[in-house]
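# Remarks on the overall topology
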There are 2 protein chains.
Amino acid sequence: MATVEELKLRIRELENELIKCKQKQCAVEDALQRPKIDIMSAEVVDSNPYSRLMALKRMGIVDDYEKIRTFTVAVVGVGGVGSVTAEMLTRCGIGKLLLFDYDKVELANMNRLFFQPHQAGLSKVEAAEHTLRNINPDVSFETHNYNITTMENFTHFMDRISHGGLEEGKPVDLVLSCVDNFEARMAINTACNELGQIWVESGVSENAVSGHIQLINPGETACFACAPPLVVAANIDEKTLKREGVCAASLPTTMGVVAGILVQNVLKYLLKFGTVSYYLGYNAMQDFFPTMAMKANPQCNDRYCRKQQEEYKKKVAEQPKVEVVKVEEEVVHEDNEWGIELVSEVTEAELQAATGTVPDLPEGITVAYTIPAEVKESGETVEETEQSLEDLMAQMRKL
Amino acid sequence: MATVEELKLRIRELENELIKCKQKQCAVEDALQRPKIDIMSAEVVDSNPYSRLMALKRMGIVDDYEKIRTFTVAVVGVGGVGSVTAEMLTRCGIGKLLLFDYDKVELANMNRLFFQPHQAGLSKVEAAEHTLRNINPDVSFETHNYNITTMENFTHFMDRISHGGLEEGKPVDLVLSCVDNFEARMAINTACNELGQIWVESGVSENAVSGHIQLINPGETACFACAPPLVVAANIDEKTLKREGVCAASLPTTMGVVAGILVQNVLKYLLKFGTVSYYLGYNAMQDFFPTMAMKANPQCNDRYCRKQQEEYKKKVAEQPKVEVVKVEEEVVHEDNEWGIELVSEVTEAELQAATGTVPDLPEGITVAYTIPAEVKESGETVEETEQSLEDLMAQMRKL
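Criteria and cut-off values
Residues numbered from 1 in each chain as written. Chains lettered and ligands numbered in written order. Predicted model: local features only at pLDDT ≥ 70, side-chain atom pairs only at ≥ 80, totals over all residues. Heavy atoms only, no water. Helix = DSSP H or I, 4+ residues; strand = E, 2+ residues; numbered from the N terminus. Contact = heavy atoms within 4.5 Å. Areas by Shrake-Rupley, 256 points an atom, 1.4 Å probe, with all protein chains shown as cover. Core = buried A, V, L, I, M, F, W, Y, C linked by side-chain atoms within 4.5 Å. Buried < 20%, exposed > 50% of the residue type's maximum accessible area, 1.4 Å probe, protein only. Least-squares fit on C-alpha atoms with pLDDT ≥ 70 in both. Phe/Tyr/Trp six-rings, centres within 6.5 Å; stacked < 30°, edge-to-face > 60°. Right-handed = clockwise from strand over helix to strand, strands pointing away. Pairing = 2+ DSSP bridges. Buried area = accessible area lost by both parts, 1.4 Å probe. Salt bridge = Lys/Arg side-chain N within 4 Å of Asp/Glu carboxyl O. Polar contact = N/O pair within 3.5 Å; in protein donor to acceptor, adjacent residues only side chain to side chain. Expected span 1.5 Å × (residues − 1). pLDDT = per-residue confidence, 0-100.

## Details of the overall build of chain A
A tally of helices and strands in chain A yields 12 helices and 11 strands. Partitioning the intrachain contacts of chain A with sequence separation of at least 6 by distance along the chain shows that 66% fall at a separation of at least 24. Put simply, chain A shows about 17,300 Å² of open surface, and 51% of that area lies on carbon and sulfur atoms.

Pasting the structure below:
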């Protein structure tokens, strides 16, 4: 039988082992965090997570990189594009991120970047927030685990877009649509038209080999209801896309490129450098990247879009005209407070026609859905045109 | 004083607590792993990590996606571009990855994707392998924590490129250069010329706003020693790039886009779909993506490059000619066993001139280093030209 001394020795051993085990656990948990950093420094030391970003100032690219910390961006959809988008913004040191998604992480998502197998079963916003906080504890996060398209959630979504800024009560600076369905895109469009909120739409085709980003400034550019949504032509047999019951393909490459060009344009817009693209497509089969821009449609079905167009016209009219010989060209740039360049334009006449037929788009860009032949062939009046757009939208909702 | 019974009770308590602590640790470690998967399935269930990739077959994009598991890719440089490249290939289910790097993870790397703050201090290849294994345990990994440019390591590197395939003894299928300096690129170039190994070079500018990928097939295309390396024109004041003692800027966006277009072209090349780009640039300021192709330089300084050119010529001559009216155009495509399309070509005459002057490149592409004015002005013979290329290379090495 063991003596009291032997028992006491065993207790000391066990206590030491337990302390070690707990220390190891704490170390794992602590190691996941870096301390917060109050002021972004440009100091070139290995321990400074911002040195390579602050170097953009010395390189003459960005005037005031620190300003990134004052901005709030809402990311709607935290899937293949949205999660990488959120990670890029987090690593760039954005002030605040609002994340919206109602999906759970699945092993079936592991062919795209960001989520890890051990997160399967967690809600995407919860898993994303945990990873992103560990990457950069200087960013503020606000997550909403719900579907924005239900009436109640939509109201809450509108409220957070208009009041969820870094300074509570202020609107967010930008909304990024990284969703994978038409209904959610239309919900974001409706909210942003009503709020006059600038947003960027993104998308990847079901065959995984093309994608695009599109900046929408209510009143200035075509909104999502102004014209059929634009996609990049895949140059492959379209019939393969429409087969029923086929799960969509996806690739980490295409989604990484789309997230990359999306966040790059967000940085250019927020930090005022380079030229922000209105529409940038990516055709992975040919490595072709078409660009374009489309004006708002005065016959848009969304009344808030039409209202924003009136306000935009007034604002442009009030701006002082710069007297230059080539006045017309100047006006195009004057319109535009973001330094965004119109690459190619679809005229208003073309857009009106587009509600019945396909607009004249640059090479490589096409509409996401085509209009039934019978509508195309009928003689068109404005009323019929509006009707056909409604039909089209109804059709698209069904898809 | 405690009784024997009390001591025994304390021992049981401590033992239970220790078991719980250890179980918690194991659970954390186990959760990081998913079981291996023997056969890639197209089944559309949430638990299948390959369903969205196998869907590429049903979408008509890829004929035989499972073939991805038979390929080995070497990634040299596991930094901002290389780590994301390795992650994309891992998530796509590549057969085997060889990773080469000699750097440690630092907090200063956190402005790019992939590494996490808790990995600071670990070697990049060790940290990367751990993360990648957790993401996809079906991939084989081989890591080398060394600098490939030292004589001894270079010999070992050559050996692993030529024998480190999935089936030991076979060469790798592709080498990807994701390094950040000229010396390492030249080492890869030298190895691949000698081995006749196809490789893809990638690069991001020091100001973080441009990048490129370039496919190099020894004997067919210009190698890294054939002509000054090509970069995408930044369209900003070049003087800001050359300031001394300035740390390079970097962005997760630019590096994500470059990794994305790199791996997309790797997938197209390995799985035979779409058109593989010889050279694809990315100008982030203007969202401009120039493409081009350059033939090998018969006066290349690398004797293995010249040898590969002879062999390539022989191979092309041996191929049966297809009789078509436009014979010349046909020959260009016939040359080419990878279905790669020449977008625009620099002629051999231009290339010879390029050793002394800048070749006539497509809009948006420029050489990484310009040739001193005095060399340009001298009357050139073949000897002088070769000399000036050597001078240039020596200069570049110093940079």
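Moving on from the model shown.
## Notes on the nonpolar core
A:Tyr65, A:Leu97, A:Leu176, B:Tyr65, B:Leu97 and B:Leu176 are the most contacted members of the largest nonpolar core, which totals 138 residues. If we skip the residues at most four places from it in the chain, B:Tyr65 touches B:Met40, B:Leu53, B:Met54, B:Leu56, B:Lys57, B:Cys92 and B:Leu271.

## Focus: the relation of the copies chain B and chain A
Taken together, a rotation about one axis and a shift along it account for how the two chain copies relate. For the pair chain B and chain A, the superposition axis carries a translation of 0.4 Å, the fit reaches an RMSD of 0.7 Å, and the rotation angle comes to 180 degrees. Both copies are brought into coincidence by an operation consistent with a two-fold rotation axis. Using C-alpha coordinates, one finds that chain B approaches the rotation axis most closely at B:Val4, a distance of 1.6 Å. Taken as a fraction of all interface residues of chain B, those also at the interface in chain A reach 100%, which identifies the copy contact as same-surface.

## What about helix 2 (residues 51-58) of chain B?
All names here are of chain B. Residues Ser51, Leu53, Met54, Ala55 and Leu56 constitute the buried set of helix 2. As for helix 2, its buried residues are in contact with helix 3 (82-91). In the segment just after helix 2, Gly60 is the residue with positive phi, at about 80 degrees.

## Quick look at the packing of aromatic side chains
Residue and element names in this part refer to chain B. All told, the structure shown has 15 aromatic pairs over all chains when counted by the stated rule. Ring centres 6.5 Å apart and planes at 40 degrees place the aromatic pair Phe154 and Phe157 in the tilted group. Residue Phe154 and its partner Phe157 are both found in helix 5 (residues 151-163); the two are separated by 3 residues, about one turn of the helix. Take Phe154 and Phe157: they sit in the same class, and that class is buried. Ring geometry for Trp199 against Phe224: centres 6.4 Å apart, planes inclined by 55 degrees, an arrangement best described as tilted. Residue Trp199 is found in strand 5 (residues 199-204), and its partner Phe224 is found in the loop between strand 6 (210-216) and strand 7 (230-232); the two are separated by 25 residues along the sequence.

## A word on the pairing of strand 1 (residues 72-76) of chain B
Residue and element names in this part refer to chain B. Burial of strand 1 is extensive: 5 of the 5 residues sit out of reach of the surface. Going residue by residue along strand 1, you find Thr72, Ala74 and Val76 tucked away on one face and Val73 and Val75 tucked away on the opposite face as well. Each parallel crossover has a hand, and for strand 1 linked through helix 3 to strand 2 (residues 96-100) it is right-handed. Pairing of strand 1 with strand 4 (residues 174-177) involves 4 bridges; the strand directions are parallel. Considered in strand 4, the bridge of Val73 is made with Leu174.

## Thoughts on the interface of chain B and chain A
Across the boundary between the two partners, chain B contributes 89 residues, which contact 89 residues of chain A. With both sides pooled, the region where chain B packs onto chain A buries about 8,000 Å², and carbon together with sulfur makes up 67% of that total. Interface area lost by chain B to chain A is led by B:Arg52, B:Met59 and B:Arg91, which between them contribute 10%. For B:Arg10, the salt bridge is made with A:Glu15, and the minimal N-O distance between the two is 3.4 Å. Inspection of the chain B/chain A interface yields 32 residue pairs in polar contact (both at pLDDT 80 or more).

## Section: the environment of B:Thr149
Residue and element names in this part refer to chain B. With respect to the secondary-structure elements, Thr149 resides in the loop between strand 3 (140-144) and helix 5. With relative accessibility at 25%, the residue Thr149 sits in the partly exposed group. Linking Thr149 and Ile188, residues 39 residues apart in sequence, is a C-alpha distance of 8.7 Å. Aside from chain neighbours lying at most four places away, what touches Thr149 is Glu183, Ala184 and Ala187. At a separation of 2.8 Å, a polar atom in the side chain of Thr149 contacts the side chain of Asn147.

## Looking at helix 4 (residues 124-135) of chain A
Residue and element names in this part refer to chain A. The terminal C-alpha atoms of helix 4, which comprises 12 residues, lie 16 Å apart, in line with the 16 Å expected from a rise of 1.5 Å per residue. Within helix 4, 9 of the 12 residues are buried, leaving the element largely enclosed by the surrounding structure. Inspection of helix 4 places Lys124, Val125, Ala127, Ala128, Glu129, Thr131, Leu132, Asn134 and Ile135 among the buried residues, and these make up the whole buried set.

## Observations regarding the environment of B:Leu176
All names here are of chain B. Turning to its location among the elements, Leu176 is positioned in strand 4. Residues Leu176 and Phe273 lie 97 residues apart in sequence; the distance between their C-alpha atoms is 19 Å. Not counting residues up to four positions away in its chain, the partners in contact with Leu176 are Val73, Ala74, Val75, Val76, Thr85, Leu89, Val200, Leu262 and Val266.

## Things to note about the pairing of strand 2 (residues 96-100) of chain A
Residues and elements named next belong to chain A. Most of strand 2 sits out of view: 5 of its 5 residues are buried. Looking at chain direction, strand 2 and strand 3 (residues 140-144) are connected through 5 bridges and run parallel. Across the sheet, the residue bridging to Phe100 is His144, located in strand 3.

## Section: the pattern of salt bridges
Residue and element names in this part refer to chain A. Applying the stated rule across the entire model yields 28 salt bridges over all chains. For the salt bridge of Lys96 with Glu142, the shortest nitrogen-to-oxygen distance reads 2.9 Å. Of this pair, Lys96 sits in strand 2 while Glu142 sits in strand 3; the two residues are 46 residues apart in sequence, bridging distant segments of the chain. Among the ionic pairs, Glu167 bridges to Lys170, the shortest N-O distance being 3.4 Å.

## Considering unusual backbone geometry
Residues and elements named next belong to chain B. Despite not being glycine, Lys272 has its phi angle at roughly 55 degrees, a positive value. Along the polypeptide, Lys272 turns up in the loop between helix 7 (252-271) and strand 8 (279-283). The class of Lys272 is exposed, set by a relative accessible area of 62%. A positive phi angle, near 50 degrees, is found at Asp287, a position not held by glycine. Mapping Asp287 onto the fold places it in the loop between strand 8 and strand 9 (291-294). Here Asp287 falls in the buried class, since its relative accessible area comes to 4%.

## So, the confidence of the model for chain A
All names here are of chain A. For chain A, mean pLDDT is 82; residues scoring 70 or higher make up 76% of the total. For residues 237-244, every residue scores under 50 in pLDDT, and the model assigns this stretch 5 contacts once sequence neighbours within four places are set aside. Confidence over residues 341-357 falls short of pLDDT 50; this stretch has 53 contacts with residues more than four positions distant or in other chains. In the model output, the complex is listed with pTM 0.80 alongside ipTM 0.80.

## Examining the side chain of B:Lys124
Examined against the element boundaries, B:Lys124 turns out to sit in helix 4 (residues 124-135). Not counting residues up to four positions away in its chain, the partners in contact with B:Lys124 are B:Val78, B:Gly79, B:Asp101, B:Asp103, B:Lys104, B:Val105, B:Asn109 and B:Phe115.

## Details of the environment of B:Lys20
Note that B:Lys20 resides in helix 1 (residues 4-31). The class of B:Lys20 is exposed, set by a relative accessible area of 60%.

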